[in-house]
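Below, each chain spelled out in residue letters.
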Amino acid sequence: MSAQHPPPSQPHMSPPSVVLTPEQAFALEHASHEGMHQSMALILVGSLILSQLTFILWKKLHHRSFHAATLLGLWIVPPTLGLNAGNTRFVVVWALYSILNSWVIWKAVQTPMKSSTPRLVYKWYSVLYTLSYSVGALGYGTVLLSFFHIPFILHFVNMDTEAKIFEVGIVLLFYGLYFGTCSRDCVVLLSDRMAVNAGYHSRTGFPAKHLRSNMCAICGDSTDLVPADKLHKLNCGHTYHENCIRGYTIIGKKDLCPYCKEKVDLRSFRRNPWDTTQQLYLNLLDAMRFLLVWNPIVFLIVHFVFEVSGLK
C-alpha cells in the first residue's frame, strides 16, 4: 500500500489592501478627531464661563484685591507677551509710561501728603485719559476706513499700503485701550489712598479728622479763598474744590462723598457732550481689563489642560 502524501499546502494569501481616495482618508481622519474637538470645545466654553463667574464673585466680595491683582496683571502680562513676540516698540513705550506713572504714584502715597498732590494726580490721569481716548479713536477710525477699503476705493493708496494702514490702526487702538485701562486701575486705587492720607476719609468707621465747613476733604485745603464758580457743593451739603471732586468722582470712579459716604449724583458734573463721552469711555476701559489680563491667562490655562490631556 503506497503511502499517502498530504495535499500540497495552499500558499498563504494576504487580504487585498484597501486603497483610500484622498477624500475618504480625510473623512476618516476628520471622524476620528471629531470627538476630540468636541471635548476641547466643552473645556474651552466651560473654562470661560467658570472664569467669568469667579471674577465677578471675587470683585463683589473683595473689590480692592481684585483691582490690585488686575493692575499687577496689566503691568506684567501684555509687556511679557510683547517681549516674547519681539515687539520692542511696545516695550519701550511701556517702560517710559511706567517711569512717569511710578513718579506720580510715589507722590500719591507719600505721608504726610501735600495738599497739591490730589490735583496733580487727577490732572495727570485726566491727560492720560484724553491722550488714550484720542489715540484709541484714531486707531478705531483707521481700522474702519481700511476694513471697508475706503482709501483704496478713493485711489489714495494701493492694497498693500492699505493693509499696512490697517495694522497701524490696530496698534493705535490697542495702545489707547491698554494704557487707558492701566491708568484707570491705578487711579481707582490711589483715590482711596489719597483721601485716607488727607484724614477726612475712612474706609471703615469714622475719619481721623473732623471736617470743617470751609475745608475740602480731598486735598485738605481751605475753600474760602477759592471763587464760588470753582467750588462744587454736593447734595449732602459738603463743598469741595471743583477739580478735586471731579477728579475723585469722574477720574477716580467714586460715586460717594469722601467724608459722609452719601451717594453722589454724577449727572451734576456733566456740562458738555465731552463729559458724557468721557464717562462712556471710562466704562469701556473697565470692561477691557478682562480682555487684556484675565482672558490671556484663562487661555494659557486651557492650553496647558489641552497639553496635559493630549488634546490637539
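Residues numbered from 1 in each chain as written. Predicted model: local features only at pLDDT ≥ 70, side-chain atom pairs only at ≥ 80, totals over all residues. Heavy atoms only, no water.

Trainee: Please clarify how the UniProt feature "transmembrane region" (unreviewed entry) in the chain should be interpreted in this entry.
Mentor: UniProt records the feature "transmembrane region" (unreviewed entry) at residues 40-58, 65-83, 89-106, 127-153, 165-183 and 280-306, using the numbering of this structure. Helix and strand shares over residues 89-106 are 100% and 0% respectively, and the end C-alpha atoms of the span are 26 Å apart. In this annotation, residues 127-153 is assigned 93% helix and 0% strand; the end-to-end C-alpha distance for the span is 36 Å. (UniProt positions renumbered as here; feature names shortened; annotations may be inferred. Helix = DSSP H or I, 4+ residues; strand = E, 2+ residues; numbered from the N terminus.)

Trainee: Any chance you could explain the environment of Asp-255 here in plain terms?
Mentor: Positionally, Asp-255 belongs in the loop between α7 (242-251) and α8 (273-309). It is 7.4 Å that separates the C-alpha atoms of Asp-255 and Asp-265, two residues lying ten residues apart in sequence. The contacts of Asp-255, once residues within four sequence positions are left out, are Glu-262, Lys-263, Val-264 and Leu-266. Engagement of the side chain of Asp-255 in a polar contact is seen with the side chain of Lys-263, the distance being 2.5 Å. (Contact = heavy atoms within 4.5 Å. Polar contact = N/O pair within 3.5 Å; in protein donor to acceptor, adjacent residues only side chain to side chain.)

Trainee: Would you mind going over unusual backbone geometry with me for this structure?
Mentor: Working note: non-glycine residues mostly have negative phi, and peptide bonds are mostly trans. The peptide bond linking Thr-111 to Pro-112 adopts the cis configuration, its omega dihedral lying at 0°. Mapping Pro-112 onto the fold places it in the loop between α3 (88-108) and α4 (117-147). A positive phi angle is found at His-149, which is not glycine, with a value near 60°. Tracing the sequence through the fold places His-149 in the loop between α4 and α5 (150-153). A positive phi angle, close to 65°, is found at Lys-261, a residue other than glycine. Take Lys-261: it is sitting in the loop between α7 and α8. For Lys-261, a relative accessible area of 32% puts it in the partly exposed group. (Buried < 20%, exposed > 50% of the residue type's maximum accessible area, 1.4 Å probe, protein only.)

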